[in-house]
Amino acid sequence: MMIDTHCHILKEDYDNQDEVIKKMKENIIIVSSASPKDIDEIIELIEKYDNVYGTIGIHPEFADTYTEEDIQKIEKNLKNSKIVGIGEIGLDYHYKDDNKENQKKLFIRQIDLANKYDKTIVIHSRDAKEDTYNIIKTYKKETTKCNMHCYGYDLEMAKKIISQDITLGIGGILTFKNEKNLKEIVKELDIKNFVLETDSPFLTPEPYRGHINEPYNIKYVAEKIAELKNIETEKVLKETTKNAIKLFNLKI
Ligand code: NI
């Protein structure tokens, strides 16, 4: 079994959504919200398909524009047992760094919700390494589980993060020819720290780079991890599936 722990396979990007999900029928897909407007469709998907779970939250890109209704909607839907986490949430100083305080406030507010409802935190973090680490270390309850999606920082930070019992989401970037940093991290750290993700429709792995991504493609990420760690792909799938089940408390 394979688990895509993070993707956005919504209708606006997929006119073959049903087919994409059915291709994963022996496997599990966790769909994340990138925007508050995604939440309704995620609820529909988790109700329609047994193998689909969701995480909902407000991305830092909406730190200046989200509403109280958005927060209330998240809080209400966290009571659904197939909503297994809050995300993606976090800090992104890449496109906008003049609203750091608003981003931090929104991040902390949603960490508090994760703590309150015992849901897993799915972090998005870009160009905000130290602030992300400090906030999560300060505000996350010890028992709240956490994953850093699409990990893109250095090995040193990866070691600090895993020491907090936070997993690293590994996706298609690992397969890119010029990528060195993530390959080093995968070689160096124990597989118990990794879960697989596609971040579909983005970051399509080799050999399909240039095409739209889909959850089934995590098998290429698993193959790359196997090659780098010199182990069988089956073992990578078995271990990362186990890690994802634990991370999201999946009852399967
Ligand atoms: Ni994403």
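Preceding block: the structure.
Every chain is numbered independently, its residues counted from 1 as its sequence is written. Owing to the predicted nature of the model, reporting of local features is limited to residues with pLDDT of at least 70; listing and counting of side-chain atom pairs is limited to 80 or more, with chain, interface and lining totals taken over all residues. As a rule here, side-chain values cover all heavy atoms of the structure and leave hydrogens and water aside.

Engineer: Looking at this structure, how should I read the overall build of the chain?
Structural biologist: When its secondary structure is counted, the chain shows nine helices and eight strands. Here the C-alpha radius of gyration of the chain, 17 Å, is about what a compact globule of 252 residues would show, namely 18 Å. Burial analysis of the chain (252 residues in total) assigns 58% to the buried set. A contact between two residues is defined here by any heavy atoms of the two lying within 4.5 Å. Pairs at least 24 residues apart make up 71% of the contacts formed inside the chain by residues separated by at least 6 positions. In this description a helix means any DSSP run of H or I spanning at least four residues, a strand means any run of E spanning at least two, and both kinds are numbered starting from the N terminus. Radius of gyration here uses only the C-alpha atoms, and the compact-globule reference equals 2.2 Å multiplied by the residue count raised to the power 0.38. Any residue under 20% of the maximum accessible area for its type is buried, any over 50% is exposed, and the rest in between are partly exposed; the area is computed with a 1.4 Å probe on protein chains only.

Engineer: So what exactly am I meant to see when it comes to the nonpolar core here?
Structural biologist: Inside soluble globular proteins, nonpolar side chains tend to come together where they are buried. Buried residues of nine kinds, namely Ala, Val, Leu, Ile, Met, Phe, Trp, Tyr and Cys, make up a nonpolar core once their side-chain atoms join them within 4.5 Å. Core analysis: the largest hydrophobic core is formed by 70 residues, its most contacted members being Tyr 151, Leu 168, Ile 170 and Ile 225. Ignoring sequence-local partners within four residues, the contact set of Leu 168 consists of Asn 147, Met 148, Tyr 151, Ala 158, Ile 161, Ile 162, Ile 185, Leu 189, Asn 193, Phe 194 and Val 195. One finds Val 122, Val 195, Ala 244 and Leu 250 within the second-largest nonpolar core, a separate group that totals eleven residues.

Engineer: For this particular structure, what's the right way to read the sheet that holds strand 6 (residues 146-148)?
Structural biologist: The pairing of strands in a sheet happens through backbone hydrogen bonds and is either parallel or antiparallel. Strands pair, by our definition, only if DSSP identifies at least two bridges between them. The sheet built from eight strands is open, its strands ordered 1-2-3-4-5-6-7-8 with parallel pairing. Looking at strand neighbours, the two that pair on one side only are strand 1 (3-7) and strand 8 (194-196), the edges of this open sheet. Across the sheet, the mean angle from the axis of one strand to that of its neighbour is 30°, orientation sign disregarded. When strand 4 (residues 83-92) meets strand 5 (residues 120-126), the two strands line up parallel, connected through six bridges. Here an axis means a line fitted to C-alpha atoms, over the contact stretch when the element is a helix, while the angle between two N-to-C directions is reported on a 0 to 180 degree scale.

Engineer: Would you explain the coordination of the nickel ion in this entry?
Structural biologist: Metal-coordinating donors are taken as N, O and S atoms lying within 2.8 Å of the metal, or within 3.2 Å when the metal is Na, K or Ca; because water is left out, some sites can appear incomplete. For the nickel ion, every protein donor is listed as His 6 (NE2), His 8 (NE2), Glu 88 (OE) and Asp 199 (OD), and the spread of their distances is 2.2 Å. Every geometry call rests on angle ranges, with four donors termed tetrahedral when all angles are between 85 and 135 degrees, four termed square planar and six termed octahedral when opposite donors are over 155 degrees apart and all others are between 65 and 115, and everything else termed irregular. For the nickel ion, the four donor atoms in the first shell make angles of 83 to 173° at the metal, a pattern classed as irregular. Read in sequence order, the donor residues coordinating the nickel ion give the pattern H-x1-H-x79-E-x110-D. Of the two residues, Glu 88 sits in strand 4 while Asp 199 sits in the loop between strand 8 and helix 8 (218-229), which places them 111 residues apart along the sequence. Pair check on accessibility: Glu 88 and Asp 199 agree, each one buried.

Engineer: Could you clarify how one ought to interpret the environment of Ala 244 in this entry?
Structural biologist: Note that Ala 244 resides in helix 9 (residues 233-247). A residue is classified by how much of its surface remains accessible, and Ala 244, at 0% relative accessible area, is buried. Each C-alpha atom of the pair Ala 244 and Thr 5 lies 7.0 Å from the other, and the pair is 239 residues apart in sequence.

Engineer: Just checking my understanding: could you explain the packing of aromatic side chains for this structure?
Structural biologist: To describe a pair of aromatic rings, one takes the distance between the centres and the angle between the planes. Put simply, two rings from Phe, Tyr or Trp (the six-membered ring, in Trp's case) pair if the centres are within 6.5 Å, and we call them stacked under 30 degrees between planes, edge-to-face over 60, tilted for the rest. Going through the model one piece at a time under the given rule, you end up with two aromatic pairs. Between Tyr 151 and Tyr 153, the aromatic rings sit 6.1 Å apart at their centres with planes inclined by 85°, giving edge-to-face as the arrangement. Summarising the burial analysis for this pair, Tyr 151 and Tyr 153 share the class buried. Ring plane angle 65° and centroid distance 5.5 Å describe the contact between Tyr 208 and Tyr 220, whose orientation is recorded as edge-to-face.

Engineer: How should the packing of helix 7 (residues 181-188) against helix 8 be read in this particular structure?
Structural biologist: Packed helices, taken two at a time, are described by their axes: the angle between them and the distance between them. Where helix 7 meets helix 8, the closest approach of the two axes is 9 Å, and the angle between their N-to-C directions is 65°. As summarised for this structure, helix 7 and helix 8 are arranged roughly perpendicular, according to the angle between their axes. Crossing angle aside, the handedness with which helix 7 passes helix 8 is right-handed. For the pair formed by helix 7 and helix 8, the contact residues are Lys 183, Val 186 and Lys 187 on the first element and Lys 224, Ile 225, Leu 228 and Lys 229 on the second. Orientation categories follow fixed angle ranges, with anything under 35 degrees roughly parallel, anything over 145 roughly antiparallel, 65 to 115 roughly perpendicular, and all other angles oblique. In this scheme, a crossing is called left-handed if the near helix is turned counterclockwise away from the far one by less than a right angle; it is called right-handed if the turn is clockwise.

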